[in-house]
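In case you want the letters, here they are:
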Amino acid sequence: MTARVVQVDATHPDPEVVGAAARILLAGGLVAMPTETVYGLAGLADREDSLARIFAAKGRPASHPLIAHVPDLPAARRIAGAWPPLATRLAAEFWPGPLTLVVPRGPSIPRMLTAGLDTMAVRAPDHAVALALLHAVGHPLAAPSANPYQRVSPTTAAHVLEGLGERVDLILDAGPCRLGIESTIVDVTSDPPRILRLGSLGLDQLHAVVPDLLAEPPRAGSHPAPAPGMAARHYAPRARLRIVRRAALAELLAALQPEERPAAVLAFGRAPRLAAEVRALPQDPERYGRQLFAVLHELDALQVRTVLVEEPPDDTAWAAIRDRLRRASAAE
Ligand code: TXA
Ligand code: MG
């Protein structure tokens, strides 16, 4: 059965639509919900049967923990086992917003959510639809990005339908996500606190509040894995993705083998004239981030085999985008 897709206003969601989605969740079903980062595959975070359905729908290994979504700080404190003062400061500053905090797990949260860890990830999303749904349900919602395991995250309802349409009961379509890159994850249980995943909340903003924050996230593929679910290959389009300098684009394109074609180029700013599908992306990291996953979905739909991506600038504003591109280009 294919999911029902219901349009919902991104800023003033219809309470009847939200209520219907809440009933599906309370009955153990799955709802794809918009957030400000990417669409999430939501189920009840405090019910094992819902969590099991999420893992099965994504084809996600049980060793990759999920994020619990809550409407606000008091709701987060209720499900955490302890709440460090730093978590209060960060939540006060950045919630609702694209920041996920790793804190001690509380007793109401099944180990299935945390992949057996004694810590849990929690965030309050900055999206009126997600917040209305959280209030209507009255439970925390587990919501990984609503894509099959290791594929590109969805930033539109159409992406969700394409990837998980047979495995979700309802898709709430509130249009494209405002940020387009997942939340930044900060572990406040370690000393000093550290970033586990780069994301939409920028390093400079975090450093202003937490000067001693360790900003170098664990290297993808390092051993032993410092954080679960940090697979080197992730966010991957079906096409092979290669990060290259602009000056090398034409030569690399010309050298592609027949089985590596058709090829596409993701360029910065003005598109160079090349004999391939060329997508020019903005030179501003926020606008680039908003479009990146949608372009990768589009190139997959065109059955492109190789994507040459012009290397982004080496500065902190681009750190999350460089991270996603690196993971998307990692060998299988
Ligand atoms: O922006 C987002 O965070 C989106 C939207 C839907 O909220 N969600 C999202 O979820 O990206 P997901 O499941 O795709 O990524 C969750 C990440 C995983 O990489 C996992 O390793 C990490 O959170 N994580 C969860 N619990 C953790 C824990 N206790 N310790 C360390 N990392 C944890
Ligand atoms: Mg994901």
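Refer to the structure printed above.
Residues numbered from 1 in each chain as written. Chains lettered and ligands numbered in written order. Predicted model: local features only at pLDDT ≥ 70, side-chain atom pairs only at ≥ 80, totals over all residues. Heavy atoms only, no water.

Participant: For the pattern of salt bridges, give the residues involved together with the corresponding values.
Facilitator: A side chain of one charge can pair with a side chain of the opposite charge if their charged atoms are brought near each other. Under the criterion given, the structure shown has 15 salt bridges. A salt bridge links R324 to D323, with the nearest nitrogen and oxygen atoms 2.6 Å apart. Exposure remark for R324: the relative accessible area of 1% places this residue in the buried category. By relative accessible area, which is 5% here, D323 ends up buried. What you see here is one network of salt bridges that share partners, running through E182, D323, R324 and R327. (Salt bridge = Lys/Arg side-chain N within 4 Å of Asp/Glu carboxyl O. Buried < 20%, exposed > 50% of the residue type's maximum accessible area, 1.4 Å probe, protein only.)

Participant: Pulling in residues and values, what's your account of the sheet that holds strand β9 (residues 184-187)?
Facilitator: Ordered in space as β1-β8-β2-β3-β7-β4-β6-β5-β9-β10, the 10 strands form an open sheet in which the pairing is mixed. Lying at the two open borders of the sheet, with one neighbouring strand each, are β1 (4-7) and β10 (194-197). Of the pairings in the sheet, the one linking strand β5 (residues 99-104) to strand β6 (residues 119-123) comprises four bridges and is antiparallel in character. Within β6, the residue paired with V103 across the bridge is M120. (Pairing = 2+ DSSP bridges. Helix = DSSP H or I, 4+ residues; strand = E, 2+ residues; numbered from the N terminus.)

Participant: Tell me about helix α1 (residues 15-26), and name the residues and values.
Facilitator: Residues that lie three or four places apart on an α-helix share one face, since the helix turns once every 3.6 residues. Helix length check: α1, at 12 residues, gives a terminal C-alpha distance of 16 Å against a target of 16 Å (1.5 Å per residue), a fit within 8%. Among all positions in α1, only V17, V18, G19, A21, A22 and L25 are buried. Summarising the contacts, the buried residues of α1 are in contact with β1, β2 (31-33), β3 (40-44), α6 (128-137), β7 (141-142) and β8 (170-173). Downstream of α1 by one or two residues, G28 has phi in the positive range, about 95°. (Expected span 1.5 Å × (residues − 1). Contact = heavy atoms within 4.5 Å.)

Participant: Could you give an account of the nonpolar core, with specific residues and numbers?
Facilitator: The biggest cluster of nonpolar side chains holds 96 residues, and the ones touching the most others in it are L90, W95, L101, V122 and L133. Top contributing element to this core by residue count: helix α10 (residues 285-301), with six residues. In contact with L101, other than residues within four places in its own chain, are W83, A87, L90, A91, W95, M120, A121, V122, V186 and V188. Counting residues in hydrophobic clusters, the runner-up holds eight residues, among them V244, L249, A263 and A267. (Core = buried A, V, L, I, M, F, W, Y, C linked by side-chain atoms within 4.5 Å.)

Participant: Before we move on, could you go through helix α2 (residues 48-58) and cite the residues and values that matter?
Facilitator: Among all positions in α2, only S50, L51, I54, F55, A57 and K58 are buried. Down the axis, α2 shows its buried residues gathered within 165° of arc, on one side only. Those residues of α2 hidden inside the fold are in contact with β3, α5 (111-114), β7 and α7 (157-164). Once α2 finishes, G59 follows within two positions and takes phi at roughly 70°, a positive value. (Arc of directions from axis to C-beta.)

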